[in-house]
Amino acid sequence: MIAIVDYGVGNLFSLRSSLETLGLDVVVTADPDKLCAADRIILPGVGAFGDAIQKLQATGLVPVLQTEAETKPLLGICLGMQLLFQTSYEFGQWQGLGFVPGAVCPLQPDLEAAGRAELKVPQIGWNALQILQNDPIFKYVKNGEYVYYVHSFYGKHCAANTLAVSEYAVPVPGVVKAGRVYGMQFHPEKSGDTGLRLLKAFAEL
Amino acid sequence: MITKRIIPCLDVRSGRVVKGVNFEGVRDVADPVEMARMYNAAGADELVFYDITASYEGRALFTDILARVAREIFIPLTVGGGINTLDDFDRVLKCGADKVSVNSGALRNPQLVRDAALRYGSQCVVLSADVKRVDGQFRVFAKGGREDTGRDALEWIDQCVALGAGEICLNSIDTDGVRRGFDLEMLDAVAARVNVPIIASGGAGKKEDFLELFGHKGIDAGLAAGIFHSKLLEIPDLKRYLNANGVEMRL
């Protein structure tokens, strides 16, 4: 059973459908007992970091996630991945869940520093995933497959934890990992067959 | 790097995909769920569904089709047509849409763009603008291209980006259905002013039109309907051609 954490952020229709298409049992829940009973957990999210971390804290699930992640795989997707970091600088400064060392920073200034201010923010679209470190999560994908991104902020200072990146004038961490905790900046549930194969690998970890 | 996107557009009326020429003369093509499967397998980067029914029954049928598509197709889905309120956003997002495009609804109430961007994020709000030259000016049209609003299209687009629109779908009424190429003059004029992604729509007739399009700065995606539905242009062939000519594509 995969539990998708329901904390009132984002649209879970496609994520749920993609897992069901893979033949997986899925529960969308904010119930700590169900998260404990599940054999893996997905933390989704779209929107702003501050709003999302406050909503997540309000559910009281943060300590549950911290305990459960010691014994079972946890996957953060998009903003859910960013929440895994120590800090975010999205409209202020926020403390994240702290699973992944590093910080979530705005793309725009770094694109300007790279002399590529014409690149659009948010990055919306398909970008190639370059695998830097082999991992079971890549069991069913090849280097260079395309995944779908929608984001204005990205993870920095997390090189040791970065399994794969996509180039957008700067290397954008696409997949990060710390212990049993994984994060994907792109949307696997919107990345066609490639995304489904990544989710399948997560379900088999 | 990020790829350019190829987007087929499905106009849906009474549960069937139709395609007009110059927005008139509707012609039945096929079943939307079947077509979505076909386009996903062909490597479409995104799908756009426009609900062109006006009735309540038609609307319910449309959201039912959308949910059926979203349950099995896992690429981005944009939905437009009949989006006038935040409740309309809610209705289609709950059925699996990722982005919602607004057109006449935003012209009647520009605040809709702001409210939707605040609630769902800018990445969710696509401004669809139907634009036509009138007296040497780019003029924005409402009601499926039938009504001249008298507004300057470039100013309207600027205003919507400032309100929070995260993407622009620019439909040139002048080139729509003509199949002699995209309206590059109009697209350049918009691309010079905004820094959100631009989807070009109207006028694609052959693969060279897409190559020319992506040679223009600031254009992120090309959208077409009839030439894809009729298989005059096959998406895998088009993407391979563009890639071979230096345009990065998801193959």
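Predicted model, so just to flag it, every value in this text is computed and none were measured.

A. Representation of the overall build of chain B within the structure. Counting secondary structure elements, chain B contains ten helices and twelve strands. Its C-alpha radius of gyration of 17 Å places chain B within 12% of the 18 Å reference for a compact globule of 251 residues. The principal-axis extents of the C-alpha atoms in chain B amount to approximately 45 × 40 × 35 Å. Counting only residues that meet the buried cut, chain B has 53% of its 251 residues in that class. Taking as baseline every contact in chain B between residues at least 6 positions apart, the subset at least 24 positions apart corresponds to 63%.

B. Structural detail: the pairing of strand β8 (residues 123-128) of chain A. Residue and element names in this part refer to chain A. Burial analysis of β8 places five of its six residues in the buried class, the great majority of the element. Direction of pairing for β8 relative to strand β10 (residues 146-151): antiparallel, over a ladder of six bridges. Bridge pairing in β10 places Ala128 opposite Tyr146.

C. The interface of chain A and chain B, seen in detail. Residue-level contacts link 25 residues of chain A with 24 residues of chain B. Of all the elements in the fold, those that place two or more residues in the side of chain A that touches chain B are α1 (13-21), β8, β10, β12 (162-168) and α7 (192-203) of chain A.

D. Spotlight on the sheet that holds strand β5 (residues 85-88) of chain A. Residues and elements named next belong to chain A. On the basis of which strands lie adjacent, the open sheet formed by four strands has the order β6-β5-β7-β11 and mixed pairing. The sheet terminates laterally at β6 (94-95) and β11 (153-156), the two strands that pair on one side only. Of the pairings in the sheet, the one linking strand β7 (residues 100-106) to β11 comprises four bridges and is antiparallel in character. Among the inter-strand pairings, Ala103 is bridged to a residue of β11, identified as Lys156.

Rules behind the numbers
Residue indices follow the written sequence of each chain, beginning from 1 at its first position. Key to labels: chains lettered from A, ligands numbered from 1, both in the order written. Note on the predicted model: pLDDT of at least 70 is required for a residue's local features to be given, and 80 or more for side-chain atom pairs to be given and counted; whole-chain, interface and lining totals, by contrast, use all residues. Counting from the N terminus, the helices are DSSP H or I runs at least four residues long and the strands are E runs at least two residues long. Between the two quantities, the radius of gyration covers C-alpha atoms and the globule rule is 2.2 Å times the number of residues to the power 0.38. Burial is judged by counting the other C-beta atoms within 10 Å of a residue's own C-beta: 20 or more makes it buried, 12 or fewer makes it exposed, and any count in between marks it as partly exposed, with every C-beta position built from the backbone. What counts as a contact is two residues whose backbone-derived C-beta atoms lie within 7 Å of each other. Paired strands, as defined in this entry, are two strands with at least two bridges between them according to DSSP.

Fair warning: the whole summary comes from geometry, so function is off the table for now.
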